Amino acid sequence: MEDMQYISLLRFSMQLMICEAVFLVGRARRPHFPLRLAGALLGYLAAASGWYLLLRQVPGRCTPVYIAFWFGLFLLTLGGMLFCFDLLPIELLFVGTSGYATEHLAFALGRIAQYSTGWVEEVIGAAWEFVLFRLLIYVLTAAVVYALVIRPNSTRGAFRPRDVGLMSMALVVLLSAIVLSSFYATGAESRLSMLGGVICPAYGTLCCVLVLTLEYYILRENSFKKEREVMEQMLQMANSQQKSSREAIDIINMKCHDMKHQLRAMASLPDGASRAEYVAELQQALTIYDATYHTGCEALDYILSEKTLLAGQHRVQLSCMAQGECLNFMRAPDIYALMGNALDNALECVLQETEEERIISLQIRRRGQMVSIHLENRCSRPPEFQEGLPVTHKADKNAHGFGVRSIRYIVHKYGGELRMGAEGGMFTLDILLPGEEEGGGAV
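Residues numbered from 1 in each chain as written. Predicted model: local features only at pLDDT ≥ 70, side-chain atom pairs only at ≥ 80, totals over all residues. Heavy atoms only, no water.

(A) Summary view of the packing of aromatic side chains. Tallied over the full model, the rule gives 11 aromatic pairs. Here F23 and F94 contribute two aromatic rings whose centre-to-centre distance is 6.2 Å and whose plane-to-plane angle is 90°, an arrangement assigned as edge-to-face. Here F94 lies in helix α4 (residues 89-117) and F23 lies in the loop between α1 (6-21) and α2 (33-55), a separation of 71 residues in the sequence. Note on accessibility: F23 and F94 belong to one class, buried. Taking 5.9 Å as the distance between ring centres and 80° as the angle between the ring planes, the aromatic pair formed by F329 and Y414 counts as edge-to-face. Here the residue F329 occupies a position in the loop between β1 (317-322) and α12 (332-350), and Y414 occupies one in the loop between α13 (402-413) and β6 (417-423), the gap between them amounting to 85 residues. The burial state of F329 is the same as that of Y414; both residues are buried. Through a chain of ring-to-ring contacts, the aromatic side chains of F12, Y66, W70, F71, F74 and Y100 assemble into a single cluster. It is R29 that lies over the ring of F33; its NZ or CZ is 4.3 Å from the centre. (Phe/Tyr/Trp six-rings, centres within 6.5 Å; stacked < 30°, edge-to-face > 60°. Helix = DSSP H or I, 4+ residues; strand = E, 2+ residues; numbered from the N terminus. Buried < 20%, exposed > 50% of the residue type's maximum accessible area, 1.4 Å probe, protein only. Lys NZ or Arg CZ within 6 Å of the ring centre and 35° of its normal.)

(B) The pattern of salt bridges, seen in detail. Summed over the entire model, instances satisfying the criterion amount to 6 salt bridges. Here D334 and K413 are joined by a salt bridge, their closest N and O atoms 3.1 Å apart. With D334 in helix α12 and K413 in helix α13, this residue pair connects regions lying 79 residues apart in the sequence. Connected through shared salt-bridge partners, R331, D334 and K413 make up one network. (Salt bridge = Lys/Arg side-chain N within 4 Å of Asp/Glu carboxyl O.)

(C) Local environment of the environment of C19. Take C19: it is sitting in helix α1. A relative accessible area of 0% means that C19 is categorised as buried. Sequence-wise, C19 and A106 are 87 residues apart; in three dimensions their C-alpha atoms are separated by 9.1 Å.

Here is the structure:
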């Protein structure tokens, strides 16, 4: 392999490391990272040079040797990443295959561009060919992949041990594309042929896109699985909380009735007008605790009673018009979790407002065959939205934000649609659910 040049080693190493680097953004670094990085680069250069000298001793021109050369350099970069970053084996496989797929994607796009323009080294010169097709296209491809793929999925779930099979399949697809491309990767004449300049690079492009899609699909599915597990746990907690809250409200209502009867008896005593006036004020003050809802949905009645108590304590104006029987097709724990989280978020938001601005309005009604839930509250500081959901202002974003995700989970569970927005100083929550029964009645 006397025609193998050392510049190919340096060039490919630079291109591969550029593409792998974008997948390492935000990854946990090992202690003394700068020293480790310097040592890894020196160790890589020494090992890669030895690998180059070894393969250069192979006589003749042999494509499998080139494949072994490139794949050996890829394995050496994995060792360097493991030395510098705290990665699990499956994470290392993910970063490596994704980086190599991005590098080969840039290589294939460069081949297609050269065939389309005719800008090979013999035409535009070695310097421009290096800048355009050996450096710039790799930087641009890595940047686009980071902006369109990596960054939007930065908060997705982690890999699980059972994902090794799919990751290995992604590696096989990638290697098959690289092996096929290797047979047309050398020589300027290959860049000017339809097979070497378009067909084979196009196939490589599709394979690399498939690899990236598959790997991030695994992450996305793991995120959804984890979210479903969390939501199921929250629904179980909501079921227990529903029972406790129901018992508490029943006790409050009984005590309030007893107190009203006692006060009525006191008012009948001939102790003067002042005492009667005092008793009347107490009776008026206690009416909030005796307010009951009859929406046609028992679960909704208890939620509204509970949240009305909280609203009254904080001087929040909570108005409600609800055809509760529209929600009877839902499981009681789901109703409790859905409406409880929605009202809790609204209460938490309006408590940041001045007392006269603490306003919450809830409407639940049937629209044809659908059930419409509209909740709005005062919100002078609009939240930031991500994927259609408001981002919590709390410091620990991992421990909070389950409320809105629980709402989304339940709405999608029943085949509904969800929209949240903030405009004109008001936060709005709109839910549209497919109903099952006709009904009327309002509160």
